[in-house]
Amino acid sequence: MPGAGLAQLLRLASPMLPVGAYSYSQGLEWAVEEGAVRDEQTALRWIGDALAFNIGSLEAPVWRRLYQAWSAGDAESAGRWNERFLAVRETAELRSETVQMGEALKLVLKATGEIDSGPLDRIEQLAFPTAFSFAAHGLGIPMQEGLIGYLWAWGENQVSAAMKLVPLGQSSGQRILAKLIGLLPGIVATALERDDDALSNFAPGLAIASSRHETQYTRLFRS
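Residues numbered from 1 in each chain as written. Predicted model: local features only at pLDDT ≥ 70, side-chain atom pairs only at ≥ 80, totals over all residues. Heavy atoms only, no water.

Student: Account for the pattern of salt bridges, with residues named and values stated.
Tutor: Oppositely charged side chains may form a pair once their charged atoms are brought near each other. What the rule picks out here adds up to eight salt bridges. Where glutamate 114 meets arginine 11, a salt bridge forms, and the shortest distance between an N and an O atom there is 2.7 Å. A residue pair is termed long-range when its members are at least 10 positions apart, and glutamate 114 in the loop between α5 (92–112) and α6 (118–121) and arginine 11 in helix α1 (residues 3–13) qualify at 103 residues. Across the pair glutamate 40 and arginine 175 runs a salt bridge, and its minimum N-O distance is 2.8 Å. With a gap of 135 residues between them, glutamate 40 in helix α3 (residues 40–71) and arginine 175 in helix α9 (residues 170–193) connect regions that are remote in the sequence. One salt-bridge network, held together by shared partners, links Glu103, Lys106, Lys110 and Asp121. (Salt bridge = Lys/Arg side-chain N within 4 Å of Asp/Glu carboxyl O. Helix = DSSP H or I, 4+ residues; strand = E, 2+ residues; numbered from the N terminus.)

Structure, rendered in structure tokens:
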């Protein structure tokens, strides 16, 4: 990647991007409350499984299709994939999260004025992968690198949540991140080749955790 493209990717994947990702745990908080996640190993298994069987097998392939739609100037196709992605959000919490973050990223793009964010205004209930793929394409970030950045941002946020909730130390967090990095190339390669008929977010434990988190008595993270 050219230097400027790499810098833009780091910017989009940075936790400093003000989209509110840090305020969500995607059910991890309930998993900790119930004891399913209680140490470094169980945190790695929870986050790694969610990445492989939910984010990597549905969200990442949808992200690829959204990026391709933006590249082709096909806002109608992007809108259809946005609707499809929202339709398969397992819980109200996960749906609310992706829409809040998508709209927040749109506001960032409007504030900087670097690219014309007008096409995003035509999409009701803008999902985060739709906005992120639009930004990646508009800022000149290649598709594969953009998807790696998207997945990295998700994983880093989950590890950060685990460090607060379990809690885990800095060394545990870094070990988990190092292992997640090792998973990313294979997940991205599979996502880029996955056919429509093979899309799947079948992760019942994640859906249950998120739905239970919506009514969890005490919470650090948003619902």
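What follows continues from the structure just given.
Student: Describe unusual backbone geometry, with residues and values.
Tutor: Apart from glycine, the bulk of residues carry a negative phi angle, and the bulk of peptide bonds sit in the trans form. Following valine 166, the chain continues to proline 167 via a peptide bond in cis, the omega torsion being -10°. When you line up the elements, proline 167 lands in the loop between α8 (143–165) and α9. Phi at glutamine 26 takes a positive value of approximately 55°, unusual for a residue other than glycine. Along the chain, the position of glutamine 26 falls in the loop between α1 and α2 (28–34).

Read these as layout, nothing more, since geometry by itself doesn't imply function.
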